[in-house]
Amino acid sequence: MNTKKLLIGALLISNLGFVVGTNVLAAEQDSKKTDATFEIVTNPDGTIMIEANSLLFGPQTISPRDVDAKATNDLNIKVTEFSGWKPGWTLQVQMSKFKDGTSEAKDIKLFYPNVVPTTTTGGDANKHLPISDGKDKGFIDENVKGTIVEDNNTPVTLAGAKAGNGYGEWTLAYGASADTNVQLRIPTGQVVGNYKSTVTYTVRDTPIL
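The following paragraphs examine the structure supplied in this document. (Residues numbered from 1 in each chain as written. Predicted model: local features only at pLDDT ≥ 70, side-chain atom pairs only at ≥ 80, totals over all residues. Heavy atoms only, no water.)

Some thoughts on the pattern of salt bridges
Reasoning step 1: Counted according to the given criterion, the structure contains 6 salt bridges.
Reasoning step 2: The residue Asp68 makes a salt bridge to Arg185 at a minimum N-O spacing of 2.8 Å. In this pair, Asp68 sits in strand β2 (residues 67-70) while Arg185 sits in strand β13 (residues 183-186), placing the two residues 117 residues apart along the sequence.
Reasoning step 3: Note on Asp68: relative accessible area 29%, which makes it partly exposed.
Reasoning step 4: Linking Asp151 and Lys97 is a salt bridge whose minimum nitrogen-to-oxygen distance equals 3.4 Å. (Salt bridge = Lys/Arg side-chain N within 4 Å of Asp/Glu carboxyl O. Helix = DSSP H or I, 4+ residues; strand = E, 2+ residues; numbered from the N terminus. Buried < 20%, exposed > 50% of the residue type's maximum accessible area, 1.4 Å probe, protein only.)

See below:
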């Protein structure tokens, strides 16, 4: 009788030891949270930039009438705004008098047709497209609308972006086709000469109205 009780007791103790041993060998884990950081520093060149090339019109024959000419080269104006604030921007152009030494051409004008800006910025560009929407008539084709610039160094708005639009890189491309070519008007009564003007493009991080 006593012997049976002892055997049962030994078996129970043995099973208990097996359970305890299994718990001791269970896998352990630990974790720790750390940070990932980066810094954006000020760009020494600012956060809004503009690039543009010169305009060439070539020789124009003197005439008793006004002369309207097309640019002989492509003009690309690139605006880049990358502040992160998306403030919008305004692009203006102004032109000085055309001069050849002491000779000065009178009342010269440029015409910039409206163009659709293109971008290398990803995403749906149509949602933040800048505006080129001048109301002036072209010199060669009055059905083409755009912006006239006079030779009085007065800034004229050429294009722009509303607040929240126009961020990234945008190019206004004026090419050889009839509806995108920059035009020059030379009124009659000019003196023969080789004339040159300074055209200044300025972009500001203020939204176009």
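Quick notes on the sheet that holds strand β11 (residues 156-161)
Reasoning step 1: Read across the open sheet, the 3 strands follow the order β11-β4-β14; overall the sheet is antiparallel. Where the open sheet ends on each side, the last strands, each with one partner, are β11 and β14 (199-204). This sheet shows a mean twist of 20 degrees between the axes of neighbouring strands, independent of strand direction.
Reasoning step 2: The pairing of strand β4 (residues 89-95) with β11 spans 5 bridges and is classified as antiparallel. Among the inter-strand pairings, Val93 is bridged to a residue of β11, identified as Val156. (Pairing = 2+ DSSP bridges. Axes fitted to C-alpha atoms, helices over the stretch in contact; angles between N-to-C directions.)

Topic: the nonpolar core
Reasoning step 1: Among the nonpolar cores identified, the biggest contains 32 residues, and Leu55, Leu91, Tyr112, Tyr174 and Tyr201 are the most heavily contacted of them.
Reasoning step 2: Those elements that provide at least two residues to this core are β2, β3 (75-81), β4, β7 (109-113), β11, β12 (168-174), β13 and β14.
Reasoning step 3: Ranked by residue count, the leading element in this core is β4, at 4 residues. (Core = buried A, V, L, I, M, F, W, Y, C linked by side-chain atoms within 4.5 Å.)

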